[in-house]
Amino acid sequence: MKNVIIVGAGGHSKVAQECIQQQGEYKIVGILDNKFTAYEKIGEQFYAPFTDFEQFKNETDYWFIAIGDNKVRAKVAEQLGDVAYATIIHPTAIVSQTATIEPGSIIMPVTVIQPDAIVGRHTIINTGAIIEHDVIISESAHISPRATITGGVKIGTCVHVGAAAVVNPQVQLGDYSIIGAGAVVTANTEPHQTYVGIPARKLEK
Ligand SMILES: CC(=O)SCCNC(=O)CCNC(=O)[C@H](O)C(C)(C)COP(=O)(O)OP(=O)(O)OC[C@H]1O[C@@H](n2cnc3c(N)ncnc32)[C@H](O)[C@@H]1OP(=O)(O)O
């Protein structure tokens, strides 16, 4: 078993920890989150504030950032610097042998990742999502439960695709764009903009 320290102790972390246990490759030795005010060891795991992360760098082989917010996850990765990241794949996920899952990403239960898809670093493929052939997902994105990303789609950095949304073939989602739950995206999206509905339209604020 390889040791891993988890950053984040919220709802997404809860699901990630269960995935890690079911994957059976990594032993969680500690959890860092600023909601813990001091170091504490309970059983085989320690809990400590994230601000103390430097002192734990020699105590683990791998790190995993289990924070649902894309921008916060990306920022924490920047702060941690040059560390090795665990790649979490739930045993019920179906991942093509020609797909690439980059370190720091999590592939949740009953997902499907098809041939030649690329899932970039620190990306969340949430429960039941489908990533079709030749999809390219950049860093720190989140594909929510039951979303369907069809063939050849390109997804930018920190993009959030909401639950059960569909992205049509070859569409490109600009960096930091947000797709609402249940949307059907039929055309490219602009960076930093939010889109909702069927067909998806830009939300004017
Ligand atoms: C394991 C997990 O839980 S993973 C979590 C996955 N999370 C999701 O799937 C949630 C995705 N988020 C959404 O769908 C959000 O509603 C967003 C991001 C699209 C919009 O959020 P906000 O920017 O806060 O917009 P807000 O709630 O103010 O709504 C603005 C307008 O858009 C509409 N709207 C919001 N979401 C949607 C949607 N998904 N589809 C259609 N219309 C929507 C609202 O009704 C409102 O319309 P109005 O101005 O006519 O009243």
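Residues numbered from 1 in each chain as written. Predicted model: local features only at pLDDT ≥ 70, side-chain atom pairs only at ≥ 80, totals over all residues. Heavy atoms only, no water.

As recorded in an unreviewed UniProt entry, the protein chain goes by the name PglD N-terminal domain-containing protein, listed as coming from Listeria booriae.

Caption draft 1: Broad picture of the overall build of the protein chain. Within the protein chain, the regular secondary structure consists of two helices and 24 strands. Against the compact-globule benchmark of 17 Å for 205 residues, the protein chain has a radius of gyration of 17 Å, which places it among compact chains. Viewed in the frame of its principal axes, the protein chain has a C-alpha envelope of about 50 × 40 × 25 Å. Going through the 205 residues of the protein chain one by one, you find that 49% of them count as buried. Of all intrachain contacts in the protein chain linking residues separated by at least 6 positions in sequence, the fraction that spans at least 24 positions is 24%. When the 15 basic and 20 acidic side-chain charges of the protein chain are each reduced to a single mean position, those positions are 6 Å apart. (Helix = DSSP H or I, 4+ residues; strand = E, 2+ residues; numbered from the N terminus. Rg over C-alpha atoms; globule rule 2.2 N^0.38 Å. Buried < 20%, exposed > 50% of the residue type's maximum accessible area, 1.4 Å probe, protein only. Contact = heavy atoms within 4.5 Å. Lys, Arg positive; Asp, Glu negative; His and termini not counted. Charge placed at Lys NZ, Arg CZ, Asp CG, Glu CD.)

Caption draft 2: Inspection of the environment of I125 at higher detail. Mapping I125 onto the fold places it in strand β12 (residues 124-125). Taking relative accessible area as the criterion, I125 reaches 0% and is therefore assigned buried. When the C-alpha atoms of I125 and S177 are compared, they prove to be 16 Å apart, with 52 residues separating the residues in sequence. If we skip the residues at most four places from it in the chain, I125 touches I106, I107, M108, T111, I113, V119, I131, I137 and I143.

Caption draft 3: Expanded view of the domain arrangement of the protein chain. Here the domain parsing of the protein chain yields domain 1 (2-80) and domain 2 (89-196). The interface of domain 1 with domain 2 comprises 15 residues on the first partner and 18 residues on the second. Here domain 1 meets domain 2 over a buried area of about 1200 Å², counting both sides, of which 64% is carbon and sulfur. Run the count over domain 1 and domain 2 and you get zero salt bridges. Scanning the region where domain 1 abuts domain 2 turns up six residue pairs in polar contact (both at pLDDT 80 or more). (Domains from an automatic or database assignment. Buried area = accessible area lost by both parts, 1.4 Å probe. Salt bridge = Lys/Arg side-chain N within 4 Å of Asp/Glu carboxyl O. Polar contact = N/O pair within 3.5 Å; in protein donor to acceptor, adjacent residues only side chain to side chain.)

Caption draft 4: Here's a closer look at the environment of G162. The residue G162 is located in the loop between β18 (160-161) and β19 (166-167) in this model. Sequence separation of G162 and E54 is 108 residues, and the distance between their C-alpha atoms is 34 Å. Each residue touching G162, except ones within four places of it in the same chain, is listed here: S144, A147, I179, G180 and A181.

Caption draft 5: Looking closely at the site of the ligand. Near the ligand lie 14 residues; those nearest to it are S144, G162, A163, A181 and K205. A163 has a polar backbone atom sitting 2.7 Å from an oxygen atom of the ligand. Look at the ligand: alone it shows 980 Å² of surface, and the protein chains cover 39% of it. Among the residues making up the shell around the ligand, the classes are represented as six nonpolar, seven polar and one charged. (Near = heavy atom within 4 Å. Areas by Shrake-Rupley, 256 points an atom, 1.4 Å probe, with all protein chains shown as cover. Nonpolar A, V, L, I, M, F, W, Y, C, P; charged D, E, K, R; others polar.)

Caption draft 6: Quick peek at the sheet that holds strand β13 (residues 130-131). Read from one edge to the other, the open sheet built from six strands follows the order β7-β10-β13-β16-β19-β22, with strand pairing classed as parallel. Edge positions in the sheet fall to β7 (94-95) and β22 (184-185), since each has one partner strand and no second. As judged from the two bridges shared by strand β16 (residues 148-149) and β19, these two strands associate in the parallel manner. Within the sheet, the bridge partner assigned to I149 lies in β19 and is V167. (Pairing = 2+ DSSP bridges.)

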